[in-house]
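Summary of the model geometry
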Amino acid sequence: MRIGITYDLRAEYLNQGYGEEETAEFDSVETIDAIDDVLGRLGHKTDRIGNIQSLTKRLAADERWDLVFNIAEGMHGFGREAQVPALLDAFAIPYTFSDALVLALALHKGFTKRLVRSFGIPTPDFAIVDAASDLGGVNVPWPVIVKPVAGGTGAGISEASKAENPKELARACGSLLEKFRQPVLIETFLPGREFTVGVVGTGPQARVLGVMEIVFHDMSHNRGEPKIYSYANKRDYLTRVSYCLADEETTRCAADIALRVWNELGCRDAGRIDLRCDVHGNLNFLEINPLAGLHPVDSDLVILCRLVGIDHASLIETILASAQERVISGARKRSA
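Just so you know, the residues in each chain are numbered from 1, in the order the chain's sequence is written. Given that this is a predicted model, residues contribute local features only at a pLDDT of at least 70 and side-chain atom pairs are listed and counted only at 80 or more, while totals for whole chains, interfaces and linings are drawn from all residues. In computing side-chain values, all of the structure's heavy atoms are included and hydrogens and water are not.

Focus on the overall build of the protein
Short version of the rule: In DSSP terms, a helix is any run of H or I states spanning at least four residues, a strand is any run of E spanning at least two, and both are numbered starting from the N terminus. Only the C-alpha atoms count toward the radius of gyration. The rule for a globule is 2.2 Å times the residue count to the power 0.38. Between buried and exposed lies partly exposed: a residue is buried under 20% and exposed over 50% of the maximum accessible area for its type, with that area taken using a 1.4 Å probe on protein chains only. Here a residue-residue contact requires only that any non-hydrogen atoms of the pair lie within 4.5 Å.
When you go through the protein residue by residue, the secondary structure sums to 12 helices and 12 strands. Taken against the 2.2 N^0.38 rule, which gives 20 Å for 336 residues, the C-alpha radius of gyration of the protein at 20 Å falls within 12% of a compact globule. Across its three principal axes, the protein shows a C-alpha extent of roughly 60 × 45 × 40 Å. A total of 336 residues make up the protein; the buried ones form 53% of that total. When contacts within the protein are restricted to residue pairs at least 6 apart in sequence, those whose partners lie at least 24 apart make up 68%.

If you want it as structure tokens, here you go:
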């Protein structure tokens, strides 16, 4: 096949003056090289398209691809991750990973939590505020953690994100509202263990690859966040956290929750679901990432795969195979 690759290259945005944290989700050249190499070794002809601006120009020039391997995160708006898929849908070009509806929903943590709660899956109590004046109506059990409602890669999450009282909450919300210019999610802080679940496949073929626990090191000596998977902890994971596979019982429970969320939302091909235990040790849904990072070394899904004996190339091949199966199945239905 002729496979295009869509992505947002972090270096390009940094050169335009964007900051380190607001470009944290974007990809490095190493990620694009690794994906390109795997696709080439599988016998496909690849074409590095780049971001949505590049894609738009090339579509307007009447260029087409058999499939697009899409990892573009987008820069602006709640629908930023959905922009490339929506454009490809308009031109009937198939692509990897979830569709525009799922990506737009999943990026907004509050809307996702409301929907997941309607499935009967536990998630911490929460509220969404659009402005500091909304805080008077917030009624969420203490302590709380505060996050940008549509952030990723831990952006905006730091030691200041956990609030024990209204004064700390006002300070944390004010800072995030000013910095990220988007609503803020306030949710009850869960004190238990944290896990991420890797999922591949679509619909009946979806399966859990493994369940990985994030173990926080004691970083109190240098103002780290020992119980929060923050931007700093993700960036400096080699010294701040450790990763290990969950025990059998936790894996079974976490896998059940993850697959329910994955299939209820209609996710495709590959991604991650983040869970955390409450004070009683019960697993709760935190968020879902249906467009998970694919850096060959540093991304959580890739780290999880290494723990279960799956290398980066095999993961990319599995993602591609899932997308190809959807394309073939769709063609069969159209011809029936």
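There's plenty left to go through after this.
Focus: the nonpolar core
Note the threshold: Among the buried residues, those of types Ala, Val, Leu, Ile, Met, Phe, Trp, Tyr and Cys that are joined through side-chain atoms within 4.5 Å form a nonpolar core.
L39, F69, I71, F97, Y243, L294 and L315 are the most contacted members of the largest nonpolar core, which totals 38 residues. Listing elements by their share of this core, those giving two or more residues are β1 (2-6), α2 (29-41), β3 (67-70), α5 (100-107), β9 (207-216), β10 (241-245), α11 (300-307) and α12 (312-335). Filtering out sequence-adjacent residues up to four positions away, L294 remains in contact with T31, I35, F69, I71, F97, S299, L301, V302, H312, L315, I316 and I319.

A word on the pattern of salt bridges
Pairing between side chains becomes possible if they bear opposite charge and their charged atoms approach one another. To keep it simple, the criterion reads: We define a salt bridge as a contact between a side-chain nitrogen of Lys or Arg and a carboxyl oxygen of Asp or Glu at a distance within 4 Å.
For the structure on display, the rule yields 23 salt bridges. In this structure, the salt-bridge partner of D33 is R48, at a minimum N-O distance of 2.7 Å. Placement of D33 in helix α2 and of R48 in strand β2 (residues 45-50) is noted, with a sequence separation of 15 residues between them. The partly exposed category is assigned to D33, whose relative accessible area is 36%. Relative accessible area serves as the criterion here: at 35%, R48 is assigned to the partly exposed category. Residues D62 and R64 are paired through a salt bridge, measuring 3.4 Å at the closest nitrogen-oxygen approach. R64 gets classed as partly exposed once you look at its relative accessible area, which sits at 34%. Shared partners join several salt bridges into a network, and the residues in it are R2, D47, R58 and E63.

Quick word on the packing of α5 against helix α6 (residues 109-118)
As a reminder, the rule being used: Angles shown run from 0 to 180 degrees and are taken between the N-to-C directions of axes, each axis being a line fitted to C-alpha atoms and, for helices, limited to the stretch in contact. Roughly parallel means an angle under 35 degrees; roughly antiparallel means over 145; roughly perpendicular covers 65 to 115; every other angle is labelled oblique.
Axis separation between α5 and α6 bottoms out at 5 Å; the angle between their running directions is 100 degrees. Here α6 runs roughly perpendicular to α5, going by the angle between their axes. Contact residues: L105, A106 and L107 in α5; K109, F111, T112 and L115 in α6.

Describing the environment of I273
Note that I273 resides in strand β11 (residues 270-277). Distance from I273 to A163, taken between C-alpha atoms, is 24 Å for residues 110 residues apart in sequence. If sequence neighbours within four positions are ignored, I273 has contacts with F195, T196, V197, V199, A258, W262, F285, E287 and I288.

Side note on the sheet that holds β3
Quick reminder of the rule: Two strands are counted as paired when DSSP detects at least two bridges linking them.
Across the sheet, three strands lie side by side as β2-β1-β3; this open sheet has parallel pairing. The open sheet is flanked by β2 and β3, the only strands paired with a single partner. Across the sheet, the mean angle from the axis of one strand to that of its neighbour is 25 degrees, orientation sign disregarded. As paired strands, β1 and β3 are joined by four bridges and run parallel to one another. Along β3, the bridge assignment pairs I3 with L67. Packing of helix α3 (residues 52-60) onto the sheet brings it into contact with β1 and β2, and relative to β2 it is tilted by some 115 degrees.

Topic: helix α10 (residues 248-265)
Just so we agree on the cut-off: An expected span of 1.5 Å times one less than the residue number is assigned to each helix. N or O atoms within 3.5 Å of each other form a polar contact, as long as, within protein, one can give a hydrogen and the other can take it, and as long as residues adjacent in sequence are counted only when both atoms are side-chain atoms.
In this model α10 runs 26 Å from its N-terminal to its C-terminal C-alpha over 18 residues, within 8% of the 26 Å that 1.5 Å per residue would give. All of the buried residues along α10 are T250, A254, A255, I257, A258, V261, W262 and L265. In this structure, the buried residues of α10 make contact with α5, α6, β8 (194-200), β9, β11 and β12 (283-289). Looking at where α10 begins, the residue whose side-chain oxygen comes 3.2 Å from the main-chain nitrogen of E249 is D247. Of the residues one or two after α10, G266 is the one with positive phi, at around 80 degrees.

Quick word on α2
The end-to-end C-alpha separation of α2 is 18 Å, in line with the 18 Å expected for 13 residues at 1.5 Å each. When α2 is considered as a whole, its buried residues turn out to be T31, I32, A34, I35, D36, V38 and L39. Just past α2, the residue G43 takes up positive phi, approximately 95 degrees.

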